[in-house]
Structures are given as structure tokens and as C-alpha cells.
Amino acid sequence: MDFVGNHILSVSQFDRDDIERVFEVADMMRPYAHREVVTRVLEGAILGNMFFEPSTRTRVSFGCAFNLLGGEVRETTEVRASSLAKGESLFDTARVLSGYSDVIVMRHELEGSVQQFAKASRCPVLNAGDGANEHPSQALLDLYTIKRELATHGKTIDGMRITLIGDLKYGRAVHSLVQMLTLYSNIRVSLISAPELALPSRYIDALRLSGHEVIESDRLEDGIAQADILYVTRTQEERFGSQAEADKYKGIYKVNRNIYTEFCEPNTVIMHPLPRDSRENASDLDADLNENPNLAIFRQTDNGVLIRMALFALILDVVGQISRHSRKVNWYTAKRF
Ligand code: ASP
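Residues numbered from 1 in each chain as written. Predicted model: local features only at pLDDT ≥ 70, side-chain atom pairs only at ≥ 80, totals over all residues. Heavy atoms only, no water.

Draft legend 1. Representation of the packing of aromatic side chains in the model. Using the criterion set out here, one finds six aromatic pairs in the structure. The interplanar angle of 80 degrees and the centroid separation of 4.9 Å between the aromatic rings of Phe-66 and Phe-312 together place this pair among those described as edge-to-face. Residue Phe-66 is found in helix 3 (residues 57–68), and its partner Phe-312 is found in helix 12 (residues 297–315); the two are separated by 246 residues along the sequence. For Phe-312, a relative accessible area of 0% translates into the label buried. Both rings, one in Tyr-170 and one in Phe-240, keep their centres 5.1 Å apart while their planes meet at 65 degrees; by these two values the pair is edge-to-face. Residue Tyr-170 is found in the loop between strand 6 (161–165) and helix 7 (172–181), and its partner Phe-240 is found in the loop between strand 9 (229–232) and helix 10 (243–247); the two are separated by 70 residues along the sequence. (Phe/Tyr/Trp six-rings, centres within 6.5 Å; stacked < 30°, edge-to-face > 60°. Helix = DSSP H or I, 4+ residues; strand = E, 2+ residues; numbered from the N terminus. Buried < 20%, exposed > 50% of the residue type's maximum accessible area, 1.4 Å probe, protein only.)

What follows is the structure in C-alpha cells.
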């Protein structure tokens, strides 16, 4: 695909070469994200970071990514604080905000809202999550993480065994990830969820159509024993009709040290799009795994910055100019990576 000036709304826009291109540029971003080098390549550019639904990682990492490329960030974090609360249409909001920005990142609780917003926007829009539908940058950072983690064990995405656990019905990170997996070959996908929270059949059909083996179960032990990747998710309680309904599913799958030690192969990588629900009754991914070297959740979040920098650099067409606008940092930088 041609990235320059384009919206990123759905993972269906990507083929394997596009994904590889994003990963290649993400690799180039490492010294910048690690604060070894700074670049001013986006000096003067403005990101409209519009989050009309809660977010920590996605919002902050998109903002950091833009700052790391030298650009400025303007942010709205609540519907209440914007004119949408006064009945303004997405069309009007998009026309207005795109006049103030070079690129917009948007999250909204309604499926299809970001796509609708993008139609009216006068600058490129990146979908940071539209309801239970899609979360393309999360899928890219997840796949990038999977590729890197598997490579350390001599494995590839083609031929891997992945187990997706939890709320597969409403989890948009899962929905985007499984669609991307259809571009790869010979994957065994185990789906572990309560029957009511199963992955919608259109995604299962797409996985099978691409030749992958799909196994469905509601028993954790069935899916985690022979897996290269465990992808744990939280119950998306904000998508349920009532808290009581969501509570029925909380804590039914708890991945913890005992379960991992008893059932998983020694190198099984543990991932989660985060936030993990650490409340006692939920605890989808227990803190007692924090010291396990196969816990990749914070490598995932670090990789999110690289992927989001890569998307901005590609869309705003500065990949070839970055190093020309760079210099070594002149402050103390903690060795975090
Ligand atoms: N942060 C991810 C999302 O926005 C996953 C989650 O919220 O559970 O979809």
C-alpha cells in the first residue's frame, strides 16, 4: 500500500510486504526510542491525539512517538471535554480538528466511528480503537513482538502455535490480530473463552480459509499446553450491558505461575495487550509471573512506540530524512532497554 498521506483504519489494508515495511522502519526507530539519538524531522508538525474512550498506553505511546520524531502533540481525552458532548457531529469535529493537525489519532467507543471521522477529515487519521471492532496499531505491535520473541527461539510466525485467552468476543486487539494472522501460513490457533465470549465466527472462518488449524475450548488447560505464544486478554467490561453481566466472566481464566509451570512448555511467551485486570477477583494475568523472562508484556509496550513512530514516518513521508535531522542526546539517559 501507499502509506504517504493515507489513513490507517483497518488491518485489512495491509499485506505481508506492508507489514514487513512497517517492521523495517520500526527497527530503524530503536536508537530514537531508546533516547540515544534525537531527531527533529517532524519539527513544526502537529498530531491531534483524540481519545474519546479511556486509554493509557495507546494514547501516551502515540504522543511519545510523535514527540520523539520532533513533532508537537495536542490532545483531547474525553467526550465530556469536547464539543461532541454538545451534540456536534463526527463530521464537523473531523473538519475542524483536521484543520489544526497534520495527522490525527482517534479512539472512540462506537464501531465504525473512526472510519466515519476519517471520511470527513482533511488529514490522515489513524484508528486507535473503534469500539469492539479494530485496533490496527496494536495488532502491528503484537505481531512485531511475536516475530521478535519467536526469533529468539529459532521460530517464525509461519508455523507457530498461538493461544488466545479470555474475552474474544469484544476484544478488538484480538480481532485485529487474528485478521493479520490470515496473511501467514500454517498457524495453530487455540481459542479459549467462555462460550458466550467466543471469537465471532467471521474471524474463525477467515482463519480456517487461510489454512490455519483452529481449536476452540472453554478449558484453559486444553489450549496452553503446546503453545509458542499465550495471548491473554481481560474481560472488556465496558462493552457489557451491565457490570453484573461482565462480572460473571471475570476471573474465570487466570494465568499464573502455578498454571504456567504445570502446563506450559518452558519457552512459551506470555503476552497481553494490557491493561491486565489486577483486581483480586479478576487477575487475568497474575503478577507472580512478573519475573518470568518469557513475560513479554513490557517488551510489547516498548515496541508500541517503535511501531507508532514507523507509522508516522511512513504516512508523513520522512523515513529517508530522519538521520539528516538527528544528533546524539546530551542528557543523562537511563538504560531501560
Ligand atoms: N488496550 C487494548 C484496547 O484498547 C486492550 C484492552 O483494553 O483490553 O483494546
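Now that the structure has been shown, the text picks up again.
Draft legend 2. Up close: the pattern of salt bridges. Taken as a whole, this structure holds 18 salt bridges when the rule is applied. As a salt-bridge pair, Lys-147 and Glu-20 come within 3.0 Å of each other at their nearest N and O atoms. You can see Lys-147 sitting in helix 6 (residues 136–151) and its partner Glu-20 sitting in helix 1 (residues 16–28), a full 127 residues away along the chain. For Glu-20, a relative accessible area of 33% puts it in the partly exposed group. When the shortest N-O distance is used, the salt bridge between Arg-299 and Glu-149 registers 2.6 Å. Remark: Glu-149 occurs in helix 6 and Arg-299 occurs in helix 12; sequence separation between them is 150 residues. Arg-299 gets classed as partly exposed once you look at its relative accessible area, which sits at 34%. (Salt bridge = Lys/Arg side-chain N within 4 Å of Asp/Glu carboxyl O.)

Draft legend 3. Up close: helix 5 (residues 113–120). All of the buried residues in helix 5 are Ser-113, Val-114, Phe-117, Ala-118 and Ala-120. Down the axis of helix 5, the buried side of the element spans an arc of 160 degrees, and every buried residue falls inside it. On its buried face, helix 5 is in contact with helix 4 (90–100), strand 4 (103–108) and strand 5 (125–130). (Arc of directions from axis to C-beta. Contact = heavy atoms within 4.5 Å.)

Draft legend 4. Representation of the sheet that holds strand 4 within the structure. Taken in spatial order, the four strands make up an open sheet running 3-2-4-5, and their pairing is parallel. The open sheet is flanked by strand 3 (72–76) and strand 5, the only strands paired with a single partner. Taking the axes of each pair of neighbouring strands and ignoring which way they run, one obtains an average angle of 15 degrees across the sheet. Pairing of strand 4 with strand 5 involves four bridges; the strand directions are parallel. (Pairing = 2+ DSSP bridges. Axes fitted to C-alpha atoms, helices over the stretch in contact; angles between N-to-C directions.)

Draft legend 5. Here's a closer look at the pairing of strand 8 (residues 213–217). Bridging between strand 7 (residues 188–192) and strand 8 involves five bridges; their strand directions are parallel. Considered in strand 8, the bridge of Ser-190 is made with Ile-215. Taking the sense of rotation as the criterion, the β-α-β connection linking strand 7, helix 8 (residues 201–209) and strand 8 turns out right-handed. (Right-handed = clockwise from strand over helix to strand, strands pointing away.)

Draft legend 6. The nonpolar core, seen in detail. Ranked by internal contacts, the top residues of the largest apolar core, which has 72 residues, are Ile-162, Leu-164 and Phe-312. Considering each element in turn, this core owes the most residues, 10 residues, to helix 12. In this structure, Leu-164 is in contact with Val-174, Leu-177, Val-178, Val-189, Ser-190, Leu-191, Ile-192 and Tyr-231, ignoring residues within four places of it in sequence. Among the nonpolar cores identified, the runner-up in size contains 17 residues, and Leu-230, Tyr-260, Ile-270 and Ile-297 belong to it. (Core = buried A, V, L, I, M, F, W, Y, C linked by side-chain atoms within 4.5 Å.)

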